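A structural walkthrough
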Amino acid sequence: MMLKVEDLQVYYGAIHAIKGVSFEVNAGEIVTLIGANGAGKSTILKTVSGLMHPRSGKVTFMDQDITHTDAHKLVRYGLAHVPEGRHVFQQMSVQENLEMGAYIHKSLNKADLEMVFELFPRLKERRRQVAGTLSGGEQQMLAMGRALMSNPKLLMLDEPSMGLAPIMIDQIFEIIQSLHKAGKTVLLVEQNASKALSIADRAYVLETGKVTLCGTGEELRSSDQVRKAYLGG
């Protein structure tokens, strides 16, 4: 097992945001967390990636307890987090952004850069362009590409389809599937439940900080409860 989260309790001040959440991610899987806005999905990713610390509970990554490890150390362990809102370096070129993603390596691995350009041909075309001038979809690709430059064991994506045009959403999900086929392990937080469940091996439904359902992507897609609440059917 690559990632194991056990009985996570997370607070924002007095607000109890995550209430005893447990889940796991095995190597080579796409696991998705779905739920309404404010269900706690992003908070879980921030806690796993060391940007927040839980009041109690345990996070284990590659058999190592990382519950209170800081975010910058976790990148070296092989964990990459693409946050909601992309957060690319607006004033830098596309290529400079990608090179920043490789900062944990002593020197830039040209093969990693070529791999990213193969996955995202549009970034190759715009490698000299200033990142702030890219479209939302292109910035999402750049944020994902930058995370991949650290050659992570686990890629965590927070709302990659947020605010994108439908055609761009399709492209982003095709890229996630390509990464999966290439053997990458992905933990995906996504409001577009239909898309997320269509590519997930396994899924967990979050409601107000608790896991209320889990199963394979296919099982949850065909669940009446999930269809009514998240798939508009």
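The preceding data block contains the structure.
Residues numbered from 1 in each chain as written. Predicted model: local features only at pLDDT ≥ 70, side-chain atom pairs only at ≥ 80, totals over all residues. Heavy atoms only, no water.

Turning our eyes to something else, we now look at the sheet that holds strand S3 (residues 30-34). The strand order S6-S7-S8-S3-S9-S10 describes an open sheet built from 6 strands, whose pairing is mixed. Each of the sheet's edge strands pairs with one partner strand only, and the pair in question is strand S6 (79-82) and strand S10 (210-216). Recorded for the sheet is a direction-independent mean angle of 15 degrees between the axes of neighbouring strands. Here strand S7 (residues 154-158) pairs with strand S8 (residues 185-189) via 5 bridges, running parallel. Across the sheet, residue Leu157 finds its bridge partner in S8, namely Leu188. Helix-sheet contacts for helix H6 (residues 136-148) involve S6 and S7, and the interaxial angle to S6 is about 170 degrees. On the sheet, helix H7 (residues 166-181) packs against S3, S7 and S8 and is oriented at approximately 150 degrees with respect to S8. (Pairing = 2+ DSSP bridges. Helix = DSSP H or I, 4+ residues; strand = E, 2+ residues; numbered from the N terminus. Axes fitted to C-alpha atoms, helices over the stretch in contact; angles between N-to-C directions. Contact = heavy atoms within 4.5 Å.)

Even without being a glycine, Met62 presents a positive backbone phi close to 50 degrees. Looking at the element boundaries, Met62 is found in the loop between strand S4 (56-61) and strand S5 (64-65). Under the relative-accessibility criterion, Met62 is labelled partly exposed at 37%. Within the chain, Thr208 stands out as a residue other than glycine whose phi angle is a positive 40 degrees. (Buried < 20%, exposed > 50% of the residue type's maximum accessible area, 1.4 Å probe, protein only.)

Right, let's get into the pattern of salt bridges. Under the criterion given, the structure shown has 8 salt bridges. Between Arg202 and Glu29 there is a salt bridge, with its nearest N and O atoms 2.8 Å apart. Here Glu29 lies in the loop between strand S2 (15-25) and S3 and Arg202 lies in strand S9 (residues 202-207), a separation of 173 residues in the sequence. Take Arg202 and Glu29: they sit in the same class, and that class is buried. Asp224 is the partner of Arg227 in a salt bridge, and the nearest nitrogen-oxygen pair spans 3.0 Å. With Arg227 and Asp224 both in helix H10 (residues 224-230) and 3 residues apart, this pair spans about one turn of that helix. Residue Arg227 is classed as partly exposed on the basis of its relative accessible area, which comes to 33%. In this structure, a network of salt bridges that share partners links the residues Arg122, Glu125, Arg126 and Glu138. (Salt bridge = Lys/Arg side-chain N within 4 Å of Asp/Glu carboxyl O.)

Our next topic: the nonpolar core. Phe120 and Ile176 are the most contacted members of the largest nonpolar core, which totals 44 residues. With 7 residues, H7 is the single largest residue contributor to this core. Ile176 has contacts with Ile30, Met144, Leu157, Pro160, Val186, Leu188 and Ile199, leaving out every residue within four places of it along the chain. In this structure, Val21, Val25, Leu45 and Met156 belong to the second largest nonpolar core, which totals 28 residues. (Core = buried A, V, L, I, M, F, W, Y, C linked by side-chain atoms within 4.5 Å.)

The next subject is the sheet that holds S2. Across the sheet, which stays open at both edges, the 4 strands sit in the order S2-S1-S4-S5 with antiparallel pairing between neighbours. Two strands in the sheet have a free side with no partner beyond their single neighbour: S2 and S5. For S4 and S5, the ladder comprises 2 bridges, and the chain directions are antiparallel. What sits directly across from Phe61, in S5, is Gln64. Across the face of the sheet, helix H1 (residues 41-48) comes into contact with strand S1 (3-12), S2 and S4 while running at roughly 115 degrees to S1.

When the terminal C-alpha atoms of H6 are compared, their 18 Å separation across 13 residues agrees well with the 18 Å that a helix rising 1.5 Å per residue should span. In terms of burial, H6 is a largely internal element, 12 of the 13 residues being buried. Turning to H6, its buried residues number three or more, namely Gly137, Glu138, Gln139, Gln140, Met141, Leu142, Ala143, Met144, Gly145, Arg146, Ala147 and Leu148. Structurally, H6 contributes buried residues whose contacts are with S6, helix H3 (94-101), helix H4 (110-119), helix H5 (121-125), S7 and H7. (Expected span 1.5 Å × (residues − 1).)

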